[in-house]
Amino acid sequence: MGRLAHGGYVNIKLAVAIMAVPEREAEVRAIQRDLGVPAMVVWENGDQAYGKPWGTARRGWAWLAGQPATHGLLLQDDIALCRDFYRTAVRLVRLRPEACLSLFSPRGKPSEDAAARRVSWYARNSGPWGQAILMPVPWIQEFLSWEQATINPQYRHDDSRVGFWLGTKRRPTYYTVPSLVQHVGHARSVAGNPRWVPSIGERTASVTLSPGVSGLSVDWTAGLHDPVPSGGWSVPEKKALR
């Protein structure tokens, strides 16, 4: 939709889906309010054919893949958005139209190094964190086809799947610094994830926008062509494969 021959886009259209569990309905309504644009809410339905939370994420990605949009954004249900989140996301797509973007940047050396250098991006070869992942729609379609043929449907990790596929393509994920979302539900994961991991500490963002500060206030061109590099390519572990 609106593609140019050199890979750019005439008009950016960003579709949004939210993967959610029923017990977080209030949080989902807050995300919808702060988005300010329509978003498809994909509720967990108890389907035993897929591991949790992949079953819900899969349906979210499938919905995005079928939209008349140039890009798709999948959000989790336990995040808080910065001010002007959607408009900021569209601006980022215009800057990096052919890329996977992670709008959540976890605490740790990569984001802190980028902030120290006063740049707004870093590149991570191992894929995105799941809180807010954005990709071109053709990539989503390709990812779903690859995933269905390659990954065990009971393998539960939804963001790891995206990282595995990106690794096969040698496509890095570009993380925003500051993070556009905060992982406010890190202490009460419904997927059984720990609150704290040894490599970074709490599963939250440490470089964030202050409350009420717009994402549009950030100079997103800083470091656009020189993102801080990070890590090796993601490779599926044995239990992840069919």
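Up top you'll find the structure we're talking about.
Just so we're clear, the structure is a prediction, and the values are computed from it rather than from any experiment. (Residues numbered from 1 in each chain as written. Predicted model: local features only at pLDDT ≥ 70, side-chain atom pairs only at ≥ 80, totals over all residues. Heavy atoms only, no water.)

Within the largest apolar cluster, 46 residues are counted, with the highest numbers of intra-cluster contacts made by Leu35, Leu73, Leu75, Phe85 and Leu103. Of all the elements in the fold, those that place two or more residues in this core are strand E1 (14-20), helix H1 (25-35), strand E3 (71-76), helix H3 (85-95), strand E6 (121-124), strand E7 (132-136) and strand E8 (173-176). Considering each element in turn, this core owes the most residues, 6 residues, to H3. Ignoring any residue separated from it by four or fewer positions in sequence, one finds Leu35 in contact with Val16, Ile18, Leu75, Leu81, Phe85 and Tyr86. Of all hydrophobic cores here, the second largest spans 26 residues; its members include Ala15, Ala17, Cys100 and Trp165. (Core = buried A, V, L, I, M, F, W, Y, C linked by side-chain atoms within 4.5 Å. Buried < 20%, exposed > 50% of the residue type's maximum accessible area, 1.4 Å probe, protein only. Helix = DSSP H or I, 4+ residues; strand = E, 2+ residues; numbered from the N terminus. Contact = heavy atoms within 4.5 Å.)

Looking at the secondary structure, you find Gln141 in helix H5 (residues 137-150). On the basis of relative accessibility, which here comes to 39%, the residue Gln141 falls in the partly exposed class. Distance from Gln141 to Ala65, taken between C-alpha atoms, is 5.5 Å for residues 76 residues apart in sequence.

A few words on empty space enclosed by the protein. Under the definition given, this model contains 1 cavity of 30 Å³ or more. Computed from the structure, the largest cavity encloses a volume of approximately 70 Å³. Every residue along the wall of the largest cavity is listed here: Glu44, Asn45, Gly46, Asp47, Tyr50, Gly51, Lys52, Pro53, Gly55, Thr56 and Arg59. Partitioned by chemical class, the residues of the lining of the largest cavity number 2 nonpolar, 5 polar and 4 charged. (1 Å grid on protein atoms, 1.4 Å probe; cavity = no way out; pocket = protein on both sides within 12 Å on 5 of 7 lines; lining within 4 Å. Points joined across faces, edges and corners; volume = space filled by probe spheres on them. Nonpolar A, V, L, I, M, F, W, Y, C, P; charged D, E, K, R; others polar.)

We now examine the packing of H5 against helix H6 (residues 158-169). The interhelical angle for the contact between H5 and H6, taken along N-to-C directions, is 100 degrees, at an axis separation of 10 Å. Judged by the inter-axis angle, H5 sits roughly perpendicular to H6. Counting all contacts with H5, which are made through Trp139, Glu142, Phe143, Trp146 and Glu147, the residues of H6 involved are Arg161, Val162, Phe164, Trp165, Leu166, Thr168 and Lys169. (Axes fitted to C-alpha atoms, helices over the stretch in contact; angles between N-to-C directions. Parallel < 35°, antiparallel > 145°, perpendicular 65-115°, else oblique.)

This part covers the pattern of salt bridges. In the structure shown here, the tally under the stated rule is 10 salt bridges. With a shortest N-O distance of 2.6 Å, Asp113 and Lys109 are connected by a salt bridge. Of this pair, Asp113 and Lys109 are both found in helix H4 (residues 109-116), 4 residues apart, which corresponds to roughly one turn of the helix. Classification of Asp113 by relative accessible area gives partly exposed; the value is 28%. For Glu142, the salt bridge identified is with Lys169, shortest N-O distance 2.6 Å. Of the two residues, Glu142 sits in helix H5 while Lys169 sits in helix H6, which places them 27 residues apart along the sequence. (Salt bridge = Lys/Arg side-chain N within 4 Å of Asp/Glu carboxyl O.)

On to the layout of surface pockets, then. By volume, the second largest pocket amounts to about 200 Å³. Lining of the second largest pocket is provided by 14 residues; of these, Ala80, Leu81, Cys82, Gln182 and Leu209 occupy positions nearest its centre. Considering only residue class, the lining of the second largest pocket consists of 8 nonpolar, 5 polar and 1 charged.

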